[in-house]
Amino acid sequence: MSSQLSFSGISHRFGAQEVLTNISLEAPEGSCVALLGASGSGKSTLLRIAAGLERPSAGRVLMDGEDVSEVNAEKRETALVFQQPLLFPHLSVVDNVAFSSRMAGHSRAAAHRHACEYLELVQLAGYARRMPGQLSGGQEQRVALARALARQPRILLLDEPFSSLDLPLREDMYELLETIREQLRPTIVLVTHDRREASVLAESIAVLDHGEILQHGGVAQLHHQPASRAVNRILGGLNEVPGVVRGGAHHSPLGRVPVPADTAEGPALLVPRQESLCLTAVEGAQALGRVTQVRASGAHSLVRVALDRGPEQDQEQAAVAVEVTGSPELRPGDITGVALQNPSGWTVTR
Amino acid sequence: MSLSRSEVSRRRRPRWRVRTVLPLLLGLALLIWIMLPLVPVLLWSAAGAWRAPDVLPSSWTADAALSLAEPEVLMAGVRSLGLGLSVAVTATVLGGLAAFGLRGPTPGGSPASTRLIGFVMLTPLAVPPFALVMGSNVLLLGARAPSFLGVLIVLTVTALPYTTYMFVTALASYEDRFEAVARTLGASPAQVVLKVRLGLLMPAIARAGFLAFLVGWSDYITTVLIGGGQFITLPLLLGSAASSTGGEQLTAALSLAMIVPPVVLLILLARRGARGRTSS
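Residues numbered from 1 in each chain as written. Chains lettered and ligands numbered in written order. Predicted model: local features only at pLDDT ≥ 70, side-chain atom pairs only at ≥ 80, totals over all residues. Heavy atoms only, no water.

1. Side note on the overall build of chain A
Reasoning step 1: Scanning chain A for helices and strands turns up 9 helices and 20 strands.
Reasoning step 2: Each principal axis of the C-alpha distribution contributes one length, and for chain A these read about 80 × 45 × 35 Å.
Reasoning step 3: Here the contacts in chain A between residues at least 6 apart in sequence split such that 66% fall between residues at least 24 apart.
Reasoning step 4: When the accessible area of chain A is evaluated, it comes to approximately 15,300 Å², of which 47% is carbon and sulfur surface.
Reasoning step 5: Positive and negative side-chain charges of chain A, numbering 32 and 39 respectively, have mean locations separated by a distance of 5 Å. (Helix = DSSP H or I, 4+ residues; strand = E, 2+ residues; numbered from the N terminus. Contact = heavy atoms within 4.5 Å. Areas by Shrake-Rupley, 256 points an atom, 1.4 Å probe, with all protein chains shown as cover. Lys, Arg positive; Asp, Glu negative; His and termini not counted. Charge placed at Lys NZ, Arg CZ, Asp CG, Glu CD.)

Okay, here's the thing in structure tokens:
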């Protein structure tokens, strides 16, 4: 069973400090919404409010339209998985997973049968009798996930659940979560500071900064059409090319780049993602620049280019980062052409 | 010059041996140090006659062991057990509550007041037991408290610093988010306390209870002075036997009887702890 979760005008204070300001957000039934932000942005507090572990200073939490703000955590039908698995160390794996059934008054045998179904789902059926201390980090997190799912929550809340795992284990957990979503269709609210994790797992991302939602939208929208410089940076965008919007295009050292028709005219920053730019031959290039740095990053390299000033006298100096496959045969000081791979661009003004 | 893998392994082996053997030797030495004083006690408990400079008793008897089954000794054992368990329960509960109170700033309190309360709670460790007991005795006589109750109250105060310290140490690493997880899994506040908090603190409860049991089980001064000779426990019988001449056999048998219950309790707790860590 899954439900729609809505936050309506949520604000929260710890003493004099306001940690959340007028948050309104919806997680449709069966969807996965990621709350993305740096430490201290208020995302975990929002999750605790959703779980009923904190009462908001103002605003309402709604589940399927019903106000649950005053409902205690144990009655709220949510389940929370933290970064640390927090398996009860005095209970075996199966007793951990059976915990919610036991709390609901089911017999030990029935609770164990129910728990074993979820252990099977996370591929740990053979580990039922072990104690948490006998599991690896990845196995512990799988059990924590099984324990939360065995509660059959209307909303599954995940607070950076995979960030303590190494990369291969994290990939396994992503696959597992995908399987769980296919089979159970839970509504998931995922808190993470990892934009890649948010992009891989969620359909939509809400970017939080200093207790405010800067933007909530689809993964592609947030990456390519950020609402502000802050969102662009939080989503890993490295480029902010100053220029002017005039006549349906942005004019900058990158040249004339068409922008959406409803873009306001005036000074604006073009924010092409580093993956959306490419290096070209000098002849006939959209823009020219001098390479200032080449940094290898696995199968990709990041090339930083100081762009030449454009023909217009008032254009500011600009630099861009371009992500290229492999290792380019370029050295700092070389001249290169730079071009946008997309026919149009996106600008922000703040 | 690079070393082959077998050469590296050969060179490492002596260090591996030292790391393995040294703790074993130290553990063995510690065991001997603890167990060695028990050897003469064991021998005396079954000795008929044992005169210097004989290395071993010249005759053997079970009289001292049989005397442990006498009603007076059995009753003293029951009283000691009752006192030990009562002190364990009372001091463990109060120590746990005190530690929770000391854990953070109390409502309306400050870290400074918390430290002050902590200091006051630990003062019985600094006050000589005799002074503590004499002062308490006057108060308890005035209050006409029954001897068992009086002994229990004073021994609980004596044991409280130990139990409080055990809980304070355990709570320092206690993770509140376990309780948050339990609540989101449907546990009511009472279930959180019973199924999660008590479970997580069980090792500390066991350690605190064991220490407090030892305080009650092995006490002599408080039982003599507060009990006024009315409340006879095993340590009182042991003291009496030890102070009389020619009572070495009974003294040894009573000493062994004093040692056995705590050791059994310790083994049970250790086994339970080991079982908890490895399987359900």
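Moving on from the model shown.
2. As for unusual backbone geometry
Reasoning step 1: Looking along the chain, the bond that leaves A52 of chain B and enters P53 of chain B is cis, with omega of 5 degrees.
Reasoning step 2: One non-glycine residue, Q123 of chain A, lies in positive phi territory at about 60 degrees.
Reasoning step 3: Relative to the helices and strands, Q123 of chain A resides in the loop between α4 (108-121) and α5 (137-150).
Reasoning step 4: Despite not being glycine, R185 of chain A has its phi angle at roughly 50 degrees, a positive value.
Reasoning step 5: Examined against the element boundaries, R185 of chain A turns out to sit in the loop between α6 (167-184) and β8 (187-192).
Reasoning step 6: The class for R185 of chain A is partly exposed, based on a relative accessible area of 47%. (Buried < 20%, exposed > 50% of the residue type's maximum accessible area, 1.4 Å probe, protein only.)

3. Section: the sheet that holds strand β13 (residues 255-258) of chain A
Residue and element names in this part refer to chain A.
Reasoning step 1: Judged by pairing direction, the sheet is antiparallel, and its 5 strands sit side by side in the order β13-β12-β11-β14-β20 without closing on themselves. Taken across any chain shown, the strands that pair with only one partner, and hence form the sheet edges, are β13 and β20 (347-348).
Reasoning step 2: As paired strands, strand β14 (residues 266-270) and β20 are joined by 2 bridges and run antiparallel to one another. Within β20, the residue paired with L269 across the bridge is V348. (Pairing = 2+ DSSP bridges.)

4. Thoughts on a negative patch on the surface
Reasoning step 1: On the surface, a cluster of negative charge is contributed by D172, E175, E178 and E182 of chain A.
Reasoning step 2: With respect to the element layout, E175 of chain A can be found in helix α6. (Patch = residues over 30% accessible without salt bridge, like charges linked within 9 Å, V, L, I, M, F, W, Y side chains within 5 Å. Salt bridge = Lys/Arg side-chain N within 4 Å of Asp/Glu carboxyl O.)

5. A short note on the sheet that holds strand β19 (residues 335-340) of chain A
Residues and elements named next belong to chain A.
Reasoning step 1: Strand order in the open sheet made by the 5 strands is β15-β19-β16-β17-β18, with antiparallel pairing throughout. Looking at strand neighbours, the two that pair on one side only are β15 (277-280) and β18 (318-325), the edges of this open sheet. Ignoring which end each strand starts from, the neighbouring axes of this sheet average 45 degrees apart.
Reasoning step 2: Strand direction decides the pairing type here: strand β16 (residues 287-297) and strand β17 (residues 300-307), joined by 8 bridges, are antiparallel. Of the residues in β17, the one forming a bridge with R290 is A306. (Axes fitted to C-alpha atoms, helices over the stretch in contact; angles between N-to-C directions.)

6. Digging into the packing of aromatic side chains
Reasoning step 1: Under the defined criterion, the tally for this structure stands at 6 aromatic pairs over all chains.
Reasoning step 2: A ring pair is formed by F88 of chain A and F99 of chain A, whose centres lie 4.7 Å apart and whose planes are at 50 degrees; its orientation type is tilted. Here F99 of chain A lies in helix α3 (residues 99-103) and F88 of chain A lies in the loop between β6 (78-81) and α2 (93-97), a separation of 11 residues in the sequence.
Reasoning step 3: On the basis of relative accessibility, which here comes to 3%, the residue F99 of chain A falls in the buried class.
Reasoning step 4: Seen from their ring centres, F213 of chain B and W217 of chain B are 5.7 Å apart, and the 15 degrees between their planes marks the pair as stacked. One end of the pair, F213 of chain B, and the other, W217 of chain B, are both in helix α9 (residues 189-217), 4 residues apart, so they sit about a helical turn from each other. Across this residue pair, the class does not change: F213 of chain B and W217 of chain B are buried.
Reasoning step 5: Members of the aromatic cluster, joined through ring pairs, are F88 and F99 of chain A together with F178 of chain B. (Phe/Tyr/Trp six-rings, centres within 6.5 Å; stacked < 30°, edge-to-face > 60°.)

7. Notes on the interface of chain A and chain B
Reasoning step 1: Facing 27 residues of chain A, the contacting portion of chain B comprises 23 residues.
Reasoning step 2: In this assembly, chain A packs against chain B so that about 2,200 Å² is buried in total across both faces, 64% of it on carbon and sulfur atoms.
Reasoning step 3: Among the ionic pairs, E74 of chain A bridges to R183 of chain B, the shortest N-O distance being 3.4 Å.
Reasoning step 4: Connecting chain A to chain B are 5 residue pairs in polar contact (both at pLDDT 80 or more).
Reasoning step 5: Counting residues per element, the ones that place at least two in the side of chain A that touches chain B are α1 (43-51), β6, α3 and α5 of chain A.
Reasoning step 6: For the side of chain A that touches chain B, a count of residues per class yields 14 nonpolar, 8 polar and 5 charged. (Buried area = accessible area lost by both parts, 1.4 Å probe. Polar contact = N/O pair within 3.5 Å; in protein donor to acceptor, adjacent residues only side chain to side chain. Nonpolar A, V, L, I, M, F, W, Y, C, P; charged D, E, K, R; others polar.)

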